[in-house]
Amino acid sequence: MEFGDHLKQWRSHRHMSQMNLALEAGISSRHLSFLETGRARPSQGMIIRICEALELPFKIQNELFGAAGFAPRYLSAEREGVAGLPVLIRDTLNMILERHAPWPAVAFNADHDILAANVGFMALAETLGIPVAPGVNILALVLDPGPVRRAVANWPEVALLFLKRARNEARLYGPKSQLAKRIADYESNAEISALLRNDESERNPPPIITVELHFGDAVTNWITTLTAFGTAQEVLTEGIFIEQYFPADDATRVIAGSMGR
């Protein structure tokens, strides 16, 4: 895609008119029109102003720089995963995961692909009989038929909240992102589509999700929190999230403490 096509697509995705975007970016609507049609070529400074006005993630900003013929502006370690992060950031991420043990914690990227997990999460995964490795998708584990879906006692509620949470992230990265495409596939599923139609709750999910998990004859109760982990100049860390699980009652704490032993 040419720069103008990217620009027009993102302006539409952000529901902004040419006039509104031009005002936000401090340029004339005529010049913005020329940029969209290819009659004018943007400078790097102009791209930065437009990207800031559109509130684009750094990953998407790199795409616009590339479409305009410039080198990516922001460092990226996406291909290398966690191992490609700067040492201090990588060590901090691993420390957060390790310090949360024995309770489960997992880190994943903007597409919801697992990057790393602590021993608590690995033990939970082993108990449920699910694969956990870099690249396994968290959303797929929760929404697809399988061990997790069977184990979650309150699956309709959890599935809806996970999907709504993912929708919020997908809005940042646009309709062509891998996450947006995955969500679209789920929304075409009859059962999940019915969940969305019958949802009468607030649009945004709460910061804490309650999960009830079957362990044999017992039902354990957990609360989960999601933390964004990022730096201003690193594409991968901008899209890193850490999900931490906490036992919600004493019985769950005892069962969780025995996992993996």
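Each value, and the rule that gives it
- Residues numbered from 1 in each chain as written.
- Predicted model: local features only at pLDDT ≥ 70, side-chain atom pairs only at ≥ 80, totals over all residues.
- Heavy atoms only, no water.
- Buried < 20%, exposed > 50% of the residue type's maximum accessible area, 1.4 Å probe, protein only.
- Helix = DSSP H or I, 4+ residues; strand = E, 2+ residues; numbered from the N terminus.
- Arc of directions from axis to C-beta.
- Pairing = 2+ DSSP bridges.
- Axes fitted to C-alpha atoms, helices over the stretch in contact; angles between N-to-C directions.
- Contact = heavy atoms within 4.5 Å.
- Left-handed = near helix turned anticlockwise from the far one by under 90°.
- Nonpolar A, V, L, I, M, F, W, Y, C, P; charged D, E, K, R; others polar.
- Salt bridge = Lys/Arg side-chain N within 4 Å of Asp/Glu carboxyl O.

1. Some details on helix 1 (residues 3–13)
- Buried residues of helix 1: Phe3, Gly4, His6, Leu7, Trp10 and Arg11, and no others. One face of helix 1 carries all of its buried residues, which in axial projection span an arc of 160 degrees.
- Phi turns positive, to about 55 degrees, at His15, one or two residues after helix 1.

2. Focus: the sheet that holds strand 5 (residues 240–247)
- Pairing within the open sheet is antiparallel, and its five strands lie in the order 2-1-5-4-3. Looking at strand neighbours, the two that pair on one side only are strand 2 (114–117) and strand 3 (208–215), the edges of this open sheet. Pairs of neighbouring strands in the sheet enclose a mean axial angle of 25 degrees, with direction left out of account.
- By the bridge criterion, four bridges tie strand 1 (residues 105–108) to strand 5 in an arrangement that is antiparallel. Residue pairing for strand 5: Ala107 is matched across the bridge by Ile242.
- In the packing of helix 6 (residues 87–100) onto the sheet, contacts are made with strand 1, strand 2, strand 4 (218–229) and strand 5, and the angle to strand 5 comes to roughly 15 degrees.
- Sitting on the sheet, helix 7 (residues 119–128) touches strand 1, strand 2, strand 3 and strand 5, and the angle it makes with strand 3 is about 45 degrees.

3. Some points on the packing of helix 4 (residues 44–54) against helix 5 (residues 58–67)
- Contact geometry of helix 4 with helix 5 gives a least axis separation of 11 Å together with a crossing angle of 145 degrees. Considering how the two elements wind past one another, helix 4 and helix 5 form a crossing that is right-handed. Contacts from Gln44, Ile47, Ile48 and Cys51 in helix 4 reach Gln61, Leu64 and Phe65 in helix 5.
- Its residues placed into classes, the contact of helix 4 with helix 5 shows five nonpolar, two polar and no charged.

4. Re the environment of Gly26
- Tracing the chain through its elements places Gly26 in the loop between helix 2 (18–25) and helix 3 (29–37).
- A relative accessible area of 51% means that Gly26 is categorised as exposed.

5. Concerning the side chain of His112
- Looking at where His112 falls in the secondary structure, it is placed in the loop between strand 1 and strand 2.
- Accessibility expressed as a relative area gives 3% for His112, which makes it buried.
- For His112, the residues in contact, after removing those within four places along its chain, are Val136, Asn137, Ile138, Leu139, Ala166, Glu169 and Leu179.

6. Re the pattern of salt bridges
- The full count for this structure, using the stated rule, is five salt bridges.
- Residue Glu243 is joined to Arg165 by a salt bridge in which the shortest nitrogen-to-oxygen separation is 3.0 Å. Pair noted here: Glu243 is in strand 5 and Arg165 is in helix 10 (residues 155–173), with a separation of 78 residues, a long-range link.
- A relative accessible area of 0% means that Glu243 is categorised as buried.

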